[in-house]
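Working through the structure, step by step
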Amino acid sequence: MPMRSTRTAVLGVVVAGGLAAVPAYAHAPVIGTFPAKGATVSPIRTVSVRFGDSVVTGTISVARSDGAAVAARAAGLAPGNHALLRATFARKLTRGRYTVSWRARASDGHSERGRFGFRVR
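A brief look at the structure comes next. Every value quoted in this text rests on a predicted model; they were computed, and no experiment measured them.

One ladder, built from nine bridges, connects strand 4 (residues 55–64) with strand 7 (residues 96–106); its direction is antiparallel. The residue of strand 7 that forms the bridge with alanine 63 is threonine 99. Where strand 7 meets strand 8 (residues 111–120), 10 bridges bridge the pair, whose relative direction is antiparallel. Looking across to strand 8, one finds that arginine 103 is bridged to arginine 113. Between strand 7 and strand 8, which pair antiparallel in sequence order, lie four residues; one of them, glycine 109, sits at a positive phi of approximately 95°.

Here we come to the packing of aromatic side chains. For the structure shown, the criterion picks out two aromatic pairs. Residues phenylalanine 51 and tryptophan 102 carry aromatic rings whose centres are separated by 5.4 Å and whose planes lie at 75° to one another, so their mutual orientation is edge-to-face. Of this pair, phenylalanine 51 sits in strand 3 (residues 46–51) while tryptophan 102 is found in strand 7, placing the two residues 51 residues apart along the sequence. Exposure remark for tryptophan 102: the relative accessible area of 8% places this residue in the buried category. Judged by centre distance (5.5 Å) and plane angle (15°), the rings of tyrosine 98 and phenylalanine 118 are stacked.

On to the sheet that holds strand 1 (residues 30–34), then. One open sheet holds the four strands; their spatial order is 1-3-6-5, and the pairing between them is antiparallel. Each edge of the open sheet is held by one strand with a lone partner, namely strand 1 and strand 5 (74–78). The mean angle between the axes of side-by-side strands here comes to 15°, regardless of whether they run parallel or antiparallel. With four bridges joining them, strand 1 and strand 3 adopt antiparallel strand pairing. Within strand 3, the residue paired with valine 30 across the bridge is phenylalanine 51.

Moving on: the pairing of strand 6 (residues 81–88). By the bridge criterion, five bridges tie strand 3 to strand 6 in an arrangement that is antiparallel. By the bridge assignment for strand 6, valine 47 is matched with alanine 87. In this structure, strand 5 lies alongside strand 6, joined through five bridges in antiparallel fashion. Opposite alanine 78, over in strand 6, you have asparagine 81 as the bridge partner. The loop that links strand 5 with its antiparallel partner strand 6 comprises two residues; one of these, glycine 80, has a positive phi angle of about 80°.

The subject of this paragraph is the side chain of serine 48. Its place among the elements puts serine 48 in strand 3. Given the relative accessible area of 12%, serine 48 is considered buried. Contact partners of serine 48, with chain neighbours within four places excluded, come to Gly32, Thr33, Phe34, Ile60, Leu84, Leu85, Arg86 and Phe116.

Conventions we followed
- Residues numbered from 1 in each chain as written.
- Predicted model: local features only at pLDDT ≥ 70, side-chain atom pairs only at ≥ 80, totals over all residues.
- Heavy atoms only, no water.
- Pairing = 2+ DSSP bridges.
- Helix = DSSP H or I, 4+ residues; strand = E, 2+ residues; numbered from the N terminus.
- Phe/Tyr/Trp six-rings, centres within 6.5 Å; stacked < 30°, edge-to-face > 60°.
- Buried < 20%, exposed > 50% of the residue type's maximum accessible area, 1.4 Å probe, protein only.
- Axes fitted to C-alpha atoms, helices over the stretch in contact; angles between N-to-C directions.
- Contact = heavy atoms within 4.5 Å.

And the structure:
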């Protein structure tokens, strides 16, 4: 086999192998949060994490900068939209810094977790 054909064949195998592996990384990626990581916002009543695909289960919690948990009126997967994990509060969050922690399990069984912070002015 000529050298050029061998390289082309090897490259084809590598590319095909890489494409076959892509679904293994396509669990349920986070495509956005509200508020955005590090954002400064006006007082809000809801925080959320949006995934690129539905998740099976999820938890979400919010804490003040002193570590005190903020009690949510409702927290978990949004009814009718299992690609949205959210926490809703009875009253708007007051001025200060907050940290959102979340965990979710995708339908492929993989668990993911994360956290992000924001500030209310």
